[in-house]
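Chain by chain, the residues run as shown.
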Amino acid sequence: MISQSASGTGPSTGGSSGETTAVSVTRSITATWWYTVAGILFIEGVVVPLWLEAMVGLGLPRATYLPVFIAGVLWWASTFVLLLDYRDRRSDHGVVRRARWLVPLLVAVAVGVLAGILSGLWLIAVMPLVQSAMLLTWPPGVRWRVTAAATLLLVGVSALDARLAFDVQNGFDELPALLIGYSVVIPAATVLSLWWWDVLVTLDRARLSEARLAATQERLRVATDVHDLQGHHLQVIALQLELAERLMERDPSAALEQLRAARGSVDDARQGTRDLALRFRSTSLRDELANAFDLLRAAGTDATVEVDDDCDAAPADVLGPVVRETTTNVLRHGGGEWARLSLTREGGSWRYRIANDAGGHPVDHHDGGGAGLQGLQRRAEDAGGTLEVTRDAGEFSVTMTVPAGAS
């Protein structure tokens, strides 16, 4: 049995699905986003305890700790809204001004003013607004300049706070150096995390574009063949009819010959069209499955294919359209994480099965309201075979079994 997986470079012996490669990036891109969010929220969450540590070190009244802590948590929660907006953005260029940015930014300003007044530290007053600004959708060229400006601003206010702490406390150790160092690197760390997410999004879009391009190129190839075939025959028919029209009055017999020739050209065009369609339908199942594998892989799906060695003996006219239909349905309605295709010989029958993650359409998955599955059911019945469809919470599968001599 021959098997092929999205992680391999070609067919290989055995049933292994191979190692995971960059193709799995698309499969885990949603998880990667939540890793990114969790990392940024963790970085921000550490800042609030550091604020309290600095206030304790400066000997500020305990009554100020709780308001600063509550305000810090409120600001921390507001940044989640900006992160969701960053993921759902529709433009990669220019600052997209949206009304829902206003509330998180106002929260950052209010928290900064309150915490700055209660702590007496410029760093705590500036930090919330600066970090929230890092989460906005800046153009690529502007983002790094904003990051540099934000870092310089934090360095400046940190130096000012250090000087005030030295003057008031007659020493520098009372202002934790960890708060200064941590706050200064937060903008760069945040932007690097978002930049990595942008890279993954770009790769994901490139894979989707590759899949669409492959389908478009196939359509263009078919359209070109049809155009060349029909264009030639229609031009010949037009000339024959024009000649028959000219000969009709002075030489009816010759005109009749041209009409007969035109009818023959029509028959040639019809036969040529049938031959062209047969050429596409007669693609071997091995090639059909290879094409299905390539399309799924281009879309970022972790695909594996297993076929018997003598799969070329399977009824391609029956199963070929089924392979194309079910592959298209996986691309349209599947979860996009994995797909498993197999073609095996079982006694006097051939068994084709495709399974994939159910995705977000557990009800109408693959059937487009029922038409897709009904069409497959008719194909199975016409060939004297059976169609089995199974669906559970995590997997959707279609299995067609047809006699070896089906046509």
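Residues numbered from 1 in each chain as written. Predicted model: local features only at pLDDT ≥ 70, side-chain atom pairs only at ≥ 80, totals over all residues. Heavy atoms only, no water.

1. Here we look at the overall build of the protein chain
- Of the regular secondary structure elements, the protein chain holds eleven helices and seven strands.
- Residue burial in the protein chain is summarised as follows: out of 407 residues, 42% are buried.
- A separation of at least 24 residues holds for 72% of the contacts in the protein chain among residues at least 6 apart in sequence.
- Carbon and sulfur atoms make up 60% of the accessible area of the protein chain, which amounts to about 21100 Å² in all. (Helix = DSSP H or I, 4+ residues; strand = E, 2+ residues; numbered from the N terminus. Buried < 20%, exposed > 50% of the residue type's maximum accessible area, 1.4 Å probe, protein only. Contact = heavy atoms within 4.5 Å. Areas by Shrake-Rupley, 256 points an atom, 1.4 Å probe, with all protein chains shown as cover.)

2. Quick notes on the pairing of strand β6 (residues 386-391)
- Bridge count for β6 against strand β7 (residues 395-403) is six bridges, and the pairing is antiparallel. Across the sheet, R391 pairs through a bridge with F396, a residue of β7. (Pairing = 2+ DSSP bridges.)

3. Details of the pattern of salt bridges
- Inspection of the entire model under this criterion finds eight salt bridges.
- The salt bridge involving R324 is made with E288; its shortest N-O contact spans 2.3 Å. With a gap of 36 residues between them, R324 in helix α10 (residues 316-333) and E288 in helix α9 (residues 285-298) connect regions that are remote in the sequence.
- For R324, a relative accessible area of 35% corresponds to the partly exposed category. (Salt bridge = Lys/Arg side-chain N within 4 Å of Asp/Glu carboxyl O.)

4. Comments concerning the nonpolar core
- One finds W51, L83 and L154 to be the most contacted residues of the largest nonpolar core, which totals 47 residues.
- The element contributing the most residues to this core is helix α2 (residues 29-57), with ten residues.
- The residues contacting L83, other than those within four sequence positions of it, are W33, V37, I40, L41, L135 and L194.
- V305, C311, L319 and W350 belong to the second largest nonpolar core, which has 31 residues in total. (Core = buried A, V, L, I, M, F, W, Y, C linked by side-chain atoms within 4.5 Å.)

5. Focus: the packing of helix α3 (residues 65-87) against helix α4 (residues 102-119)
- Where α3 contacts α4, the axes come no closer than 9 Å and their chain directions differ by 160°. Taken together, the axes of α3 and α4 lie roughly antiparallel to each other. Pair α3 / α4 crosses with left-handed handedness. Of α4, the residues touching α3 (which contributes P67, V68, A71, G72, L74, W75, S78, V81 and L82) are P104, V107, A108, V111, L114, A115 and L118.
- Considering only residue class, the contact of α3 with α4 consists of 14 nonpolar, two polar and no charged. (Axes fitted to C-alpha atoms, helices over the stretch in contact; angles between N-to-C directions. Parallel < 35°, antiparallel > 145°, perpendicular 65-115°, else oblique. Left-handed = near helix turned anticlockwise from the far one by under 90°. Nonpolar A, V, L, I, M, F, W, Y, C, P; charged D, E, K, R; others polar.)

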